[in-house]
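Coordinates in review
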Amino acid sequence: MFSNEQLERYSRHIILKEVGVKGQKKLLEGKVLIIGAGGLGAPVAMYLAAAGVGTIGIVDADEVDLSNLQRQVIHTTSDVGKAKVQSAKETMEAINPDVKVITYREFVDSTNILDLIKDYDFIIDGTDNFPTKFLINDACVMAKKPFSHAGIIRFRGQLMTYVPGQGPCYRCVFKNPPPKDAVPTCKQAGVIGAMGGVIGSLQAMEAVKYLIGKGDLLTGKLLTYDALKMEFHTVKLPQHVKDCPICGENPTITELIDYEQAECDMK
Amino acid sequence: MKITVGGEVKEYKDGLTVTELIEAEQVQEAEYVTVALNEDFVPRDEFETKQLKEGDTVEFLYFMGGGRA
Ligand SMILES: [Zn+2]
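First, a word on what this report is: a plain description of the structure on this page. Keep in mind that this is a model prediction, so the values were computed, not measured.

Describing the sheet that holds strand β5 (residues 57-61) of chain B
Residues and elements named next belong to chain B. Spatially, the five strands line up as an open sheet ordered β2-β1-β5-β3-β4, and their pairing is mixed. Edge positions in the sheet fall to β2 (8-11) and β4 (40-41), since each of these pairs with one other strand and no more. As paired elements, strand β1 (residues 2-5) and β5 share two bridges and run parallel to each other. Note on β5: the bridge partner recorded for Thr 4 is Thr 57.

Here is the structure:
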């Protein structure tokens, strides 16, 4: 079923007992949606394309800006001004023509997110703002889709994985978005370029493990990384938050919410 | 008493409350921090009264945006 070229391309996967021909087939049949083609989405998209994840959707409304290139390694200098999703697609297809890349040049909001995620097996939150992070969480809980949450700022990053029925969601931990401008985004505060590489690569790892069905995911755990201290730390979370308004026993959120964006996040 | 804060064992006076620990640890954006005590979340309205005891494990969880812009 694999061509000789595929056997060679994926040979370092196939030789792994946890992957093998079976696991590689699962990757090729896998569908992952990446929301945000920036600091986090760039390494996720590149590693998943290289790994042969068969269908990768990528959502972003923006164009490549010169100030993105310090960390968004999927885009190059000649891509400045181009739609991020187009630039990302070109890089991913150059890495691996086996992969079908589907681009969505749009902002996600309550009107389109359920439609965007419905055909995918796993969702990557590579966004930079809290309204969208909560929207992705709520939509994934409602649609019973697993997803990887991550955030990066300055010299720190964190991630957790939600799988329906297997531990808490993002809202279990963080309840509600902070008031706009109360907590800085990385545009306001800065972020060290390689942080997206560290945390985005971990998100890609979670997606791959989910697709091949091997190993332990970051469900019920929040992994934090402090680059200045050079420390990783895993925080064990409560396994079940009964009164979570979206995944708890009596959900009070029954419709998706478009929270107000901090003004500096709007272009 | 000894408690574990963010994975580090620390010495604090008996009866320390969550609010006092937040101050002592100089937690940033403390208004928005999530506090986990022995793998359970502490409701914000209990920060001032919740006293910590020997052997407790406390974690501070922060909002982290960033990624795309
Ligand atoms: Zn929840």
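On we go from here.
Quick look at the sheet that holds strand β5 (residues 147-153) of chain A
Backbone-to-backbone hydrogen bonds join strands into a sheet, with any given pair of strands oriented parallel or antiparallel. Residue and element names in this part refer to chain A. The mixed open sheet is built from eight strands, whose spatial order is β3-β2-β1-β4-β5-β6-β7-β8. With partners counted over all chains shown, the strands left at the sheet margins are β3 (100-104) and β8 (231-236), one partner each. Looking at each pair of strands side by side, their axes are set apart by 15° on average, direction ignored. Packing of helix α4 (residues 41-51) onto the sheet brings it into contact with β1 (31-35), β2 (55-59) and β4 (122-125), and relative to β1 it is tilted by some 160°. Helix α10 (residues 193-212) rests against β1, β4, β5, β6 (156-162), β7 (221-226) and β8 of the sheet, and its axis sits at about 15° to β6.

Let's talk about a nonpolar patch on the surface
Residues and elements named next belong to chain A. A cluster of nonpolar side chains, contributed by Phe 155, Ile 192 and Leu 228, occupies part of the molecular surface with about 280 Å² of accessible area. By the element assignment, Ile 192 lies in the loop between α9 (186-189) and α10. Its relative accessible area of 37% is what places Ile 192 among the partly exposed residues.

Digging into the coordination of the zinc ion
Metal coordination angles have textbook ideals: 109.5 degrees for a tetrahedral set of four donors and 90 or 180 degrees for an octahedral set of six. Residue and element names in this part refer to chain A. Only Cys 169 (SG), Cys 172 (SG), Cys 244 (SG) and Cys 247 (SG) from the protein coordinate the zinc ion, and they sit 2.2 to 2.3 Å from it. Metal-centred angles of 93 to 118° between the four donor atoms at the zinc ion mark the site as tetrahedral. Donor residues binding the zinc ion come from one chain and are separated in sequence as C-x2-C-x71-C-x2-C. With Cys 172 in helix α8 (residues 170-174) and Cys 244 in the segment after β8, the pair connects residues that are 72 residues apart, well separated along the chain. Each of the two residues, Cys 172 as well as Cys 244, counts as buried.

Some details on the interface of chain A and chain B
Listed by partner, the interface residues are 46 residues for chain A and 18 residues for chain B. Area buried by chain A at its contact with chain B is led by Asp 128, Phe 174 and Pro 238 of chain A, which between them contribute 19% of it. Inspection of the chain A/chain B interface yields zero salt bridges. At the junction of chain A with chain B, the criterion picks out four residue pairs in polar contact (both at pLDDT 80 or more). Those elements that provide at least two residues to the side of chain A that touches chain B are α7 (130-142), β5, β6, α8, α9 and β8 of chain A.

Looking at the packing of α4 of chain A against α10 of chain A
All names here are of chain A. Where α4 contacts α10, the axes come no closer than 7 Å and their chain directions differ by 40°. Considering the angle they form, α4 stands oblique to α10. Where α4 crosses over α10, the handedness of that crossing is right-handed. For the pair α4 and α10, contact is made by Pro 43, Val 44, Tyr 47 and Leu 48 and by Gly 196, Gly 197, Gly 200, Ser 201, Gln 203, Ala 204, Ala 207 and Val 208, respectively. The residue inventory of the contact of α4 with α10, partitioned by class, reads seven nonpolar, five polar and no charged.

Calculation criteria
- Residues numbered from 1 in each chain as written.
- Chains lettered and ligands numbered in written order.
- Predicted model: local features only at pLDDT ≥ 70, side-chain atom pairs only at ≥ 80, totals over all residues.
- Heavy atoms only, no water.
- Pairing = 2+ DSSP bridges.
- Helix = DSSP H or I, 4+ residues; strand = E, 2+ residues; numbered from the N terminus.
- Axes fitted to C-alpha atoms, helices over the stretch in contact; angles between N-to-C directions.
- Contact = heavy atoms within 4.5 Å.
- Patch = residues over 30% accessible without salt bridge, like charges linked within 9 Å, V, L, I, M, F, W, Y side chains within 5 Å.
- Areas by Shrake-Rupley, 256 points an atom, 1.4 Å probe, with all protein chains shown as cover.
- Salt bridge = Lys/Arg side-chain N within 4 Å of Asp/Glu carboxyl O.
- Buried < 20%, exposed > 50% of the residue type's maximum accessible area, 1.4 Å probe, protein only.
- Donors = N, O, S within 2.8 Å, 3.2 Å for Na, K, Ca; no water.
- Tetrahedral: all angles 85-135°; square planar, octahedral: opposite > 155°, others 65-115°.
- Buried area = accessible area lost by both parts, 1.4 Å probe.
- Polar contact = N/O pair within 3.5 Å; in protein donor to acceptor, adjacent residues only side chain to side chain.
- Parallel < 35°, antiparallel > 145°, perpendicular 65-115°, else oblique.
- Left-handed = near helix turned anticlockwise from the far one by under 90°.
- Nonpolar A, V, L, I, M, F, W, Y, C, P; charged D, E, K, R; others polar.

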